[in-house]
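# Residue-level structural notes
The lines below spell out each chain.
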Amino acid sequence: IDERPGREAWDAQRTSSNPFDLRGKILRIRPKPDGTAAIPDGNLFPADGSRGRPEVYAMGVRNPFRIAVDPATGWLYWGDVGPDANGGSTTRGPRGYDEVNQARAAGFFGWPYCIADNVPYKDVDFATGTPGPAFDCAAPVNDSPNVAEAPVALPPAQPAWAYYPYAPSPEFPDLPNGGGRTAMAGPVVRAGTPGGDALPAYFDGSVFVYEWSRNWIVETKLDDDGQPLAFQRFLPSL
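Since we're looking at a predicted model, the values are computed, not measured.

### Section: unusual backbone geometry
Omega for the peptide link from Trp-111 to Pro-112 comes to 5°, which places this bond in the cis form. Topologically, Pro-112 is positioned in the loop between strand E8 (107–108) and strand E9 (114–115). Gly-186 connects to Pro-187 through a cis peptide bond whose omega is 10°. Inspection of the secondary structure puts Pro-187 in strand E14 (residues 184–188). Here Asn-215, not a glycine, exhibits a phi torsion of approximately 65°, which is positive. Residue position: Asn-215 is located in the loop between strand E15 (207–211) and strand E16 (216–220). In this structure Asn-215 comes out as exposed when scored by relative accessible area, which is 58%.

### Topic: the sheet that holds E14
Across the sheet, 4 strands lie side by side as E14-E15-E16-E17; this open sheet has antiparallel pairing. The open sheet is flanked by E14 and strand E17 (232–233), the only strands paired with a single partner. Here E16 runs beside E17; their pairing, made up of 2 bridges, is antiparallel. By the bridge assignment for E17, Glu-219 is matched with Gln-232.

### Details of the sheet that holds strand E6 (residues 76–80)
Within a sheet, adjacent strands bond to each other through the backbone by hydrogen bonds, running parallel or antiparallel. Taken in spatial order, the 4 strands line up as E5-E6-E7-E13 in an open sheet, and their pairing is antiparallel. Pairing within the sheet leaves two strands with one partner each, and these edge strands are strand E5 (64–69) and strand E13 (162–164). In this sheet, neighbouring strand axes are inclined to one another by 10° on average, regardless of whether the strands run parallel or antiparallel.

### Topic: the nonpolar core
Residues Met-59, Tyr-77, Val-100, Trp-161, Leu-175, Val-209 and Phe-231 are the most contacted members of the largest nonpolar core, which totals 38 residues. Looking at this core, the elements with two or more residues in it are strand E4 (56–59), E9, E13, E14, E15 and E16. With 3 residues, E13 is the largest single contributor of residues to this core. Those residues within four positions of Val-100 in sequence are excluded, and the remaining contacts are Trp-78, Ala-160, Trp-161, Ala-162, Ala-183, Ala-185 and Val-209. With 8 residues, the next largest nonpolar core counts Ile-26, Trp-78, Ala-103 and Phe-109 among its residues.

### As for the environment of Val-152
Mapped onto the secondary structure, Val-152 falls in strand E12 (residues 152–153). Judged by its relative accessible area of 9%, Val-152 is buried. Non-local contacts of Val-152, meaning those with residues more than four positions away in its chain, are made with Pro-19, Pro-140, Val-141, Asn-142 and Val-147.

About the criteria used
- Residues numbered from 1 in each chain as written.
- Predicted model: local features only at pLDDT ≥ 70, side-chain atom pairs only at ≥ 80, totals over all residues.
- Heavy atoms only, no water.
- Helix = DSSP H or I, 4+ residues; strand = E, 2+ residues; numbered from the N terminus.
- Buried < 20%, exposed > 50% of the residue type's maximum accessible area, 1.4 Å probe, protein only.
- Pairing = 2+ DSSP bridges.
- Axes fitted to C-alpha atoms, helices over the stretch in contact; angles between N-to-C directions.
- Core = buried A, V, L, I, M, F, W, Y, C linked by side-chain atoms within 4.5 Å.
- Contact = heavy atoms within 4.5 Å.

Here it is in structure tokens:
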């Protein structure tokens with residue numbers, strides 16, 4: 001969120017939280033046989049482009065990695081690699097987290113204003129080093145000078161479905177150990193779909209999450225609210 005002149009590349013408000021820019025987004029389009037693309041109903045912004053790029057389905061993401069769609073529900077999952085901070089700061093905000101996100105509908109997922117379960121960063125003035133108030137995750141506003149349309153009122157930030165820092169996660173203690181962070185999500189296993197019958201029936205409906213920097217794959221079932229139950233190791237010998 002560095003808004004100083006010449007530091008535009010360090011201002012993720014210009015990209016991830018800018019509705020009129022395709023960076024820091026997950027896009028949803030329908031390719032057509034003639035090489036063009038249609039905009040399906042249900043994206044985040046109207047098709048006329050008046051409030052943002054109509055291709056945008058999810059915005060406010062930092063580094064979305066390995067997206068996957070549940071073929072039964074249509075819910076979208078992705079891992080989002082977070083910033084490097086080992087610890088939180090009273091003047092800047094929370095430590096770094098990787099996220100696993102679930103989108104049941106189009107939405108805004110917080111970056112660079114909020115992270116994890118909507119923990120806000122501070123609105124720092126980088127020219128003076130002065131920390132400002134915490135951003136409002138429920139009603140974020142992009143007022144960056146690097147956004148031509150600013151100020152732009154954004155949708156409420158959606159909290160992450162699961163998240164973890166470099167250290168072991170107190171919120172998700174069954175995600176194995178601490179260490180590096182390169183969150184990846186999906187697939188969701190469904191019987192009767194391509195590849196879905198390759199695993200035992202137990203895994204029907206399981207969501208897979210994996211971490212090559214920590215050498216593990218886990219799977220979880222969902223509760224009635226679509227939230228993760230226990231994350232369990234998959235093929236722990238590998």
